[in-house]
Amino acid sequence: MKKVQVISASNCKNCEILYDVVSKIVKAKGIDAEVEKVLDVKEVVKFGVMTTPLLVVDGELKHAGTPLPSPQEIEEMIGG
Amino acid sequence: MFWIYERLADLIVYNLLNLQQGERLAEALHFFIYDTLKIFTLLFLVIFFMSLVRSYFPLERTRRIISRHKKLALPLSAFLGVLTPFCSCSAVPMFIGFVEAGIPLEATFTFLVASPTVNEMALGLLLSLFGLKVALLYIGLGIAVAVFSGYLIGKANPRSLIEDYVFQVQMGESEVKDISFKERLKLSLESVREIVGKVWIYILIAIGIGSFIHGYVPQDLIEKVAKASGIFGVPLAVVMGIPLYSNAAGVLPVIQPLIDKGVPIGTALAFMMSVTALSLPEFLILKQIMKVKLIAIFAGVVGTSIIVAGYIFNLVL
């Protein structure tokens, strides 16, 4: 089972959007993955970036910041 | 440049609707049509070009540039603060990243102030409503406010008022992805769509109110109010701006006819800066890294700088 994390900042609208889209894609495509939302700023800088949200799949950074990737791109990133 | 919109407004109001020139309703309607077309055209252009330029300055690159030129860190932070796309929700990782790169705290605060103070939507609206001179003055004053505030906060020796973990977190390495020009154009169009899509309704309502003021509110009434607030006009405008976070869109078109009728323009610019630079949600975000005392110093110093800038502008113009 894959581990998909959306690392967010507080009060970040795009973070909410990304989390929603990721959750929906995983559900709709039946991808074997656990989606987790991480609200810890230390996790953001650990990846060497300063813009949120982050999409991390199995510990690997796939995307950071805005503009958000399209649903197709997200699906590829998760590897569904 | 916008004569074609003027003609179009003439055509609709005087020919199509058959209203008489000089009538209040005709004046208000003409103003509404012309202003709506002009504001949206300029907003599209300014947001598009700002986004295009900003695509070359992601936060990670900005951090690298400033950390390489530490002697020029203060003015560089102010300048890049304007050019770097930045959402206040990224304030905390930005702060940690800057501190870790050895960028002086003065410069980090300068960046923190400059970035929201000069806002692309406010810039677009100022350009449409008041022209290039005022828009450039807004940028200049914004940069000055940022440098001055950053310098003062740095002098206040804020280190002890910043949470310890900020200085301890180890930041990882990441690469800045290079994207093609075509992709940058696409992204810029996307941000136009996103920003204008979010605010168009507020802008239309605000232009509507502005048109009403333009057509129906007598000039001497506004002059009286402006005179009555007198020397307190600027600080009052700054205090009023704090709760109106990021709603430049709904505010500026209302202010424009007021300025035409006698409200000083420095007061309006101070208000604009306060709307974007000082906001309650941002203070809450900053609370994750700063003690309340430092947030109070931050708000006090930035607010005072904006007030001074407003007074200077009113005096000069």
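Labelled according to an unreviewed UniProt entry, chain B appears under the name Permease, originating from Hydrogenivirga caldilitoris. What UniProt states about chain B under its Subcellular location (unreviewed entry) heading is, verbatim, "Cell membrane". Heading Sequence similarities (unreviewed entry) of the UniProt record for chain B holds this comment: "Belongs to the UPF0718 family."

Under an unreviewed UniProt entry, chain A has the name Small redox-active disulfide protein 2 and belongs to Hydrogenivirga caldilitoris.

Let's shift gears to the side chain of T84 of chain B. Residue and element names in this part refer to chain B. The topology assignment puts T84 in the loop between helix 4 (73–83) and helix 5 (91–100). Here T62 takes part through its side chain, which lies 2.7 Å from a polar atom of the side chain of T84. Apart from the residues lying within four places of it in its own chain, the contact partners of T84 are R54, F57, P58, L59, T62, F111 and S115.

Looking now at the pattern of salt bridges. In this structure the tally under the stated criterion is six salt bridges over all chains. With a closest N to O distance of 2.9 Å, K46 of chain A and E43 of chain A form a salt bridge. Of the two residues, K46 of chain A and E43 of chain A are both situated in helix 2 (residues 41–46); the distance of three residues between them amounts to about one turn of the helix. Residue E120 of chain B is joined to R54 of chain B by a salt bridge in which the shortest nitrogen-to-oxygen separation is 3.0 Å. Within this pair, whereas E120 of chain B is found in helix 7 (residues 120–130), its partner R54 of chain B is found in helix 2 (residues 24–54), the two being separated by 66 residues in sequence. Exposure remark for E120 of chain B: the relative accessible area of 16% places this residue in the buried category. Here R54 of chain B falls in the buried class, since its relative accessible area comes to 9%.

This part takes up the UniProt feature "transmembrane region" (unreviewed entry) in chain B. Residue and element names in this part refer to chain B. UniProt annotation of "transmembrane region" (unreviewed entry) refers to residues 31–53, 74–96, 108–127, 134–153, 199–217, 229–245, 265–285 and 292–313 when read in the numbering used here. Annotated as residues 31–53, this span is 100% helix and 0% strand, and its ends, taken at the C-alpha atoms, are 32 Å apart. From the first C-alpha to the last, residues 108–127 spans 29 Å; its make-up is 90% helix and 0% strand.

Our next topic: the interface of chain B and chain A. Taken together, the contact between chain B and chain A spans 23 residues of the former and 17 residues of the latter. The junction of chain B with chain A conceals about 1700 Å² of combined surface from both sides, 65% of it contributed by carbon and sulfur atoms. Where chain B packs against chain A, one counts zero salt bridges. In this structure, the connection of chain B to chain A is made through two residue pairs in polar contact (both at pLDDT 80 or more).

Glancing now at unusual backbone geometry. Residue and element names in this part refer to chain A. Along the chain, T52 connects to P53 via a cis peptide bond; the corresponding omega equals 0°. Note that P53 resides in the loop between helix 2 and strand 3 (54–57). A positive phi is found at D58, a non-glycine position, where the angle reads about 50°. Mapped onto the fold, D58 is located in the loop between strand 3 and strand 4 (60–64).

So, on to the sheet that holds strand 3 of chain A. Residue and element names in this part refer to chain A. Strand order in this open sheet of four strands is 2-1-3-4, and the pairing throughout is mixed. Edge strands, defined here as strands with exactly one partner in the open sheet, are strand 2 (33–38) and strand 4. Direction aside, neighbouring strands of the sheet carry axes that sit 20° apart on average. Contacts from helix 3 (residues 71–78) reach strand 1 (2–7), strand 3 and strand 4, with the element oriented near 35° to strand 3.

Turning next to helix 8 (residues 132–155) of chain B. Residues and elements named next belong to chain B. Taking 1.5 Å of rise per residue, 24 residues should cover 34 Å, and helix 8 covers 35 Å from first to last C-alpha, within 8% of that figure. Every buried residue belonging to helix 8 is among V134, A135, Y138, L141, G142, V145, A146, S149, G150, I153 and G154, and all of these are buried. Immediately downstream of helix 8, the backbone of N157 shows phi near 55°, a positive value.

Residue and element names in this part refer to chain B. Residue placement: L204 occurs in helix 10 (residues 181–216). For L204, a relative accessible area of 26% translates into the label partly exposed. On a C-alpha basis, the gap between L204 and A249 in space is 9.0 Å, while along the polypeptide they are 45 residues apart. Leaving out residues up to four positions away in the same chain, L204 has contacts with F32, T36 and F40.

Procedures and definitions
- Residues numbered from 1 in each chain as written.
- Chains lettered and ligands numbered in written order.
- Predicted model: local features only at pLDDT ≥ 70, side-chain atom pairs only at ≥ 80, totals over all residues.
- Heavy atoms only, no water.
- UniProt positions renumbered as here; feature names shortened; annotations may be inferred.
- Helix = DSSP H or I, 4+ residues; strand = E, 2+ residues; numbered from the N terminus.
- Polar contact = N/O pair within 3.5 Å; in protein donor to acceptor, adjacent residues only side chain to side chain.
- Contact = heavy atoms within 4.5 Å.
- Salt bridge = Lys/Arg side-chain N within 4 Å of Asp/Glu carboxyl O.
- Buried < 20%, exposed > 50% of the residue type's maximum accessible area, 1.4 Å probe, protein only.
- Buried area = accessible area lost by both parts, 1.4 Å probe.
- Pairing = 2+ DSSP bridges.
- Axes fitted to C-alpha atoms, helices over the stretch in contact; angles between N-to-C directions.
- Expected span 1.5 Å × (residues − 1).

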